Amino acid sequence: AQSVTQLDSQVPVFEEAPVELRCNYSSSVSVYLFWYVQYPNQGLQLLLKYLSGSTLVKGINGFEAEFNKSQTSFHLRKPSVHISDTAEYFCAATKGGSNYKLTFGKGTLLTVNP
Amino acid sequence: GAGVSQTPSNKVTEKGKYVELRCDPISGHTALYWYRQSLGQGPEFLIYFQGTGAADDSGLPNDRFFAVRPEGSVSTLKIQRTERGDSAVYLCASSADPTNTGELFFGEGSRLTVL
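Computed from a prediction, not measured in an experiment: that's the story for all the values here.

What counts as what
- Residues numbered from 1 in each chain as written.
- Chains lettered and ligands numbered in written order.
- Predicted model: local features only at pLDDT ≥ 70, side-chain atom pairs only at ≥ 80, totals over all residues.
- Heavy atoms only, no water.
- Pairing = 2+ DSSP bridges.
- Helix = DSSP H or I, 4+ residues; strand = E, 2+ residues; numbered from the N terminus.
- Axes fitted to C-alpha atoms, helices over the stretch in contact; angles between N-to-C directions.
- Contact = heavy atoms within 4.5 Å.
- Buried area = accessible area lost by both parts, 1.4 Å probe.
- Salt bridge = Lys/Arg side-chain N within 4 Å of Asp/Glu carboxyl O.
- Polar contact = N/O pair within 3.5 Å; in protein donor to acceptor, adjacent residues only side chain to side chain.
- Nonpolar A, V, L, I, M, F, W, Y, C, P; charged D, E, K, R; others polar.
- Disulfide = S-S within 2.5 Å.
- Buried < 20%, exposed > 50% of the residue type's maximum accessible area, 1.4 Å probe, protein only.
- pLDDT = per-residue confidence, 0-100.
- Phe/Tyr/Trp six-rings, centres within 6.5 Å; stacked < 30°, edge-to-face > 60°.
- Core = buried A, V, L, I, M, F, W, Y, C linked by side-chain atoms within 4.5 Å.

Visitor: Could you give me a rundown of the sheet that holds strand β3 (residues 19-24) of chain B, with the residues and numbers involved?
Guide: All names here are of chain B. The four strands lie next to each other as β1-β3-β8-β7, forming an open sheet whose pairing is antiparallel. Each edge of the sheet is formed by a strand with only one pairing partner; in this case those strands are β1 (5-7) and β7 (65-68). This sheet shows a mean twist of 15° between the axes of neighbouring strands, independent of strand direction. In this sheet, strand β8 (residues 75-79) lies alongside β7 in antiparallel orientation, the contact comprising four bridges. Following the sheet pairing, Phe-65 is matched in β8 by Ile-79.

Visitor: Quick one: what's the story with the pairing of strand β6 (residues 53-56) of chain B, residue by residue and with numbers?
Guide: Residue and element names in this part refer to chain B. Strand direction decides the pairing type here: strand β5 (residues 44-50) and β6, joined by three bridges, are antiparallel. Residue pairing for β6: Tyr-48 is matched across the bridge by Asp-56. Hairpin connection between β5 and β6: a loop of two residues separates the two successive antiparallel strands, and Gly-51 in this loop has a positive phi of roughly 70°.

Visitor: Give me the lowdown on the interface of chain B and chain A, citing residues and values where you can.
Guide: When the parts come together, some accessible area is lost, and that loss is often what is quoted as the size of the interface. Between chain B and chain A, the contact holds 22 residues from the first and 20 residues from the second. Summing the contributions of chain B and of chain A, the shared interface buries around 1700 Å²; its carbon and sulfur component is 55%. Where chain B touches chain A, the interface holds one salt bridge. A salt bridge links Lys101(A) to Asp56(B); its shortest N-O distance comes to 3.2 Å. Remark: the boundary between chain B and chain A carries four residue pairs in polar contact (both at pLDDT 80 or more). Those elements giving two or more residues to the side of chain B that touches chain A turn out to be β4 (31-37) and β5 of chain B. Element by element, the count of residues in the side of chain B that touches chain A is highest for β4(B), at three residues. In terms of residue class, the side of chain B that touches chain A is made up of nine nonpolar, ten polar and three charged.

Visitor: Could you give an account of the state of the cysteines, naming the residues involved and the relevant values?
Guide: This model, assessed by the stated rule, comprises two disulfides over all chains. In this model Cys23(A) forms its disulfide with Cys91(A); the gap between the sulfur atoms is 2.0 Å. Across the S-S bond of Cys23(A) and Cys91(A) the torsion is about -65°, and the bridge reads as left-handed. Here the residue Cys23(A) occupies a position in strand β4 (residues 23-26), and Cys91(A) occupies one in strand β10 (residues 87-95), the gap between them amounting to 68 residues. Given a relative accessible area of 0%, Cys23(A) falls into the buried group. Between the sulfur of Cys23(B) and that of Cys92(B) lies a disulfide, 1.9 Å long from S to S. As the torsion about the S-S bond is roughly -70°, the Cys23(B)-Cys92(B) disulfide counts as left-handed.

Visitor: How would you explain the confidence of the model for chain A if you had to name every residue and give the values?
Guide: Looking at chain A as a whole, its pLDDT mean stands at 91, while 92% of the residues score no less than 70. Averaged over each element, pLDDT in chain A is lowest for strand β11 (residues 98-104) of chain A (81) and highest for strand β3 (residues 19-21) of chain A (98).

Visitor: Tell me about the packing of aromatic side chains, and please be specific about residues and values.
Guide: Residues and elements named next belong to chain A. Applying the stated rule across the entire model yields twelve aromatic pairs over all chains. Their ring planes at 20° and their centres at 4.3 Å tell us that Tyr-50 and Phe-67 sit as a pair that is stacked. With a gap of 17 residues between them, Tyr-50 in strand β6 (residues 45-50) and Phe-67 in strand β8 (residues 64-68) connect regions that are remote in the sequence. Take Tyr-50: its relative accessible area is 9%, and that puts it in the buried class.

Visitor: Can you break down the nonpolar core residue by residue, with the values?
Guide: Leu33(A), Trp35(A), Leu47(A), Leu48(A), Phe74(A), Leu76(A) and Tyr89(A) are the most contacted members of the largest nonpolar core, which has 28 residues in total. Residues Ile26(B), Leu46(B), Ile47(B) and Leu112(B) belong to the second largest nonpolar core, which totals 20 residues.

Below is the structure:
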């Protein structure tokens, strides 16, 4: 079965520091990969997605992620975070043939401190 | 409104009661999804509608859970004989075209607490 693992449940960082949120997936077939963000008291919104092509994907708010097939990873990065990036981040994957059904990781709470 | 709207935002009920949760998707979105998010977990897929029909209900945990979308727009998730383990945030999402793995637009969720 498809599973998505987010290795860190919480990541505290200082403002303007770089951050990496880790995500690994398990699959023996091609997958589509996503990062969603949930700000306090708001719905999930899409940060970025990988469907095919370039393995480096750029999203909103300065975030980017790199698809690494050999390591089955899709880590999210930002070179310099802001207080407003404080939120819960979810990695998700679909599987070819059921691309409407997202499997989510447990989430990583990013807390940016001044 | 412009986004996915879910009501109620909070629902507290007693064990054994019946509950309905409503989702109003973005206008024109043919695909609608229900997910459930338990405390400390990521959202879990429940059911997917394409138009009026449930194309995939494989995520519904048991026959106490049922969802409808009679006119291809608003959807209602119905839970019979609620149990304490049903306590969670129920998320609704919609999309214009599920086949191109496009963006899902999520509502803010309905938080259900079963006492």
